[in-house]
Amino acid sequence: MYLHKRFDSFIKNAHVFNVYLRKFQDVQVSIKNGKFYWINKELPNLKAKKVIDLQGKYLIPGFVDAHMHIDSSMTTPKIMGETILKYGTTTIIADDHEVTNVAGINGLKDFINEDSPIDIFFGIPSSVPSTNPQMETTGGKIGVPEVKELLKDPRFICLGEVMNFKDMTSDKDTLIKDIINTCHKTKPTMPIEGHTPAYHGEDLAKILYAGVTTDHTQQTRDLVNEKIRNGMFVEVQLKSMHPDVINTIIDNKYFEHVALVTDDSMPDTLLKGHLNLLVKKAINMGMKPEDAIYISTYIPARHMGLWDRGAIAPGRVADFSILDNLEELSIADVYKNGISAKETIKNTSQDDFSPNSLTTSVKAPKLTKQDLLLKTNLVDNGSVTANVIQINPVGTFTNHIQKRLAVHNHIVDWQSANLALIIVQERYGLNDGKFSLGLVDRGIIGDGAVGATWAHDHHNLMVMGTNIDGMIDIQHQLINQQGGYIVARGEKIAANAPLPIGGVVSNQPMKILGEQIGNIRKNLVELGYKNTNEIMSFSTLSLLVSPSLKISDKGLFEVKSQKKVPLFEK
């Protein structure tokens, strides 16, 4: 007879998911020292400290999110773990390049050293800056010496998303190619995460040839087929979960080559769920529950080389969820290392996490209304052609359009064309707070403004609006509170989510932060902003690796060619 003290838990009367067979089995499960021990139809004479009778409920491995960003959720590792553990996510691989863009490797080290109730592995930020210093100003930089240092830390298990297509595929030696080669030499099997939006044909071949193994950007049926047949692992985030994509995975049985990932989860969304929402959506779209669970547990763990998790099997970490209903994916409880989250996660208070490297990072000078006068020397009076960023209703891609605008005494009349003014200002104290101005179509339509220091990926200070007084009020408030996300109605601030940690992260409980961001979103919608994710859409107007026309503190740029675009032409 087994000794009572040898086993922590014994689980009986459960339908247990076997990832290797991809089906549920009626077996008994034992847990010892936080790991699964013996799993069998019958475990004779077994005694344990705790017996869990599931009475016909379902047991599945803990979800593994292979591509996400804690700092993109504007929160800390501790609060992130406390938030998503109850949704069944027990392991994440985080590419925290947002805080790294703000404060470099020291900021990253400070950020990742906070304790969390889930297991967090990391990707080495590969694109800090996402392009180059001639195109954008960042507070931190990552080069080969920093990569070599991070490679010594066993928590870094992949190279974070490589964004710079031009430098990655160049015939010349470039920094990103040196970074990839450094990773290959030190850890030859390390996954190289990619950011390859809409690239196909020879462009895709160039990316794969450069060493990229994975892509997580917006997918289509044709892109999924092309990437997988060329050996690329495809990570599917929410915005790619269209019927043609999901049906392509199902029809071609691509389950060995894809994983569901969250990428950027907004705080208000995290009040509702995490990776479990994508798994449930996949099931609702026609994917068998067994397959949806498979590509959210075992497959991402295997892809990232985490062989000790993602399965309910002897020797694997005892991370699992108990489901009341399989199709609805209703979670009754989650266990981490064999211990119920209900026992370990209490009501979260404000996190006292505030590392020195990520405080007082907003050092921009305050602007005046005169600074926002849009001027041109091309003509005194008459008209000019403006290169304009046009927002799309879905995703983060923009269009490059042109509009003819009237000029009076060198001042451009953008208001009469129903456009919004946008400003991006360097905020690290490196360029005297220099800024660039641009114009946006389909942005703020009503009378108001929006601004943030959470502006991907350089996270400079960005404000867009139709009301100049409102824009100035937002700019001043962002400096006063050391960062955040703010909306003004008219000239008065109507919604505010302070982000004092590096200007990108809050230490508030997720409930408070989620409500603040939800209020930001509500006000944006009421001001006429139209996008499936208004928060991310605005913040990525400065993301110089997401097509087509974007803006930084250095000006307007065409993304693929990285060519600077003048605001006005004759």
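Above: the structure in question.
Residues numbered from 1 in each chain as written. Predicted model: local features only at pLDDT ≥ 70, side-chain atom pairs only at ≥ 80, totals over all residues. Heavy atoms only, no water.

A few words now on empty space enclosed by the protein. All told, the structure shown has three cavities of 30 Å³ or more when counted by the stated rule. Each pocket or cavity is described by its volume, and for the largest cavity that value is around 70 Å³. The wall of the largest cavity is formed by Met-163, Asn-164, Phe-165, Lys-166, His-195, Pro-197, Tyr-199, Leu-544, Val-545, Val-559, Lys-560 and Gln-562. Of the residues contributing to the lining of the largest cavity, the split by class is seven nonpolar, three polar and two charged. Put simply, the second largest cavity is a space of about 50 Å³. Looking at the lining of the second largest cavity residue by residue, the classes come out as six nonpolar, three polar and three charged. (1 Å grid on protein atoms, 1.4 Å probe; cavity = no way out; pocket = protein on both sides within 12 Å on 5 of 7 lines; lining within 4 Å. Points joined across faces, edges and corners; volume = space filled by probe spheres on them. Nonpolar A, V, L, I, M, F, W, Y, C, P; charged D, E, K, R; others polar.)

Of the pockets and cavities examined, the largest pocket occupies roughly 840 Å³. Every residue lining the largest pocket is counted, 44 residues in all, and those nearest its centre are Gln-237, Lys-239, Thr-262, Asp-264 and Asn-533. Counting only elements with at least two residues in the lining of the largest pocket, the list comes to α2 (97-112), α9 (267-270), α10 (275-284) and α16 (534-539). Looking at the lining of the largest pocket residue by residue, the class counts come to twelve nonpolar, 23 polar and nine charged. (Helix = DSSP H or I, 4+ residues; strand = E, 2+ residues; numbered from the N terminus.)

Time to look at the pairing of strand β8 (residues 156-162). By the criterion of burial, β8 is predominantly enclosed, with seven of the seven residues buried. Here three bridges tie strand β7 (residues 119-124) to β8, and the two strands are oriented parallel to one another. Among the inter-strand pairings, Phe-122 is bridged to a residue of β8, identified as Phe-156. One crossover worth recording links β7 to the parallel β8 by way of helix α3 (residues 144-151), and it is right-handed. As paired elements, β8 and strand β9 (residues 192-194) share two bridges and run parallel to each other. Along β9, the bridge assignment pairs Leu-159 with Ile-192. (Buried < 20%, exposed > 50% of the residue type's maximum accessible area, 1.4 Å probe, protein only. Pairing = 2+ DSSP bridges. Right-handed = clockwise from strand over helix to strand, strands pointing away.)

No statement about biological role is implied by the geometric values presented.
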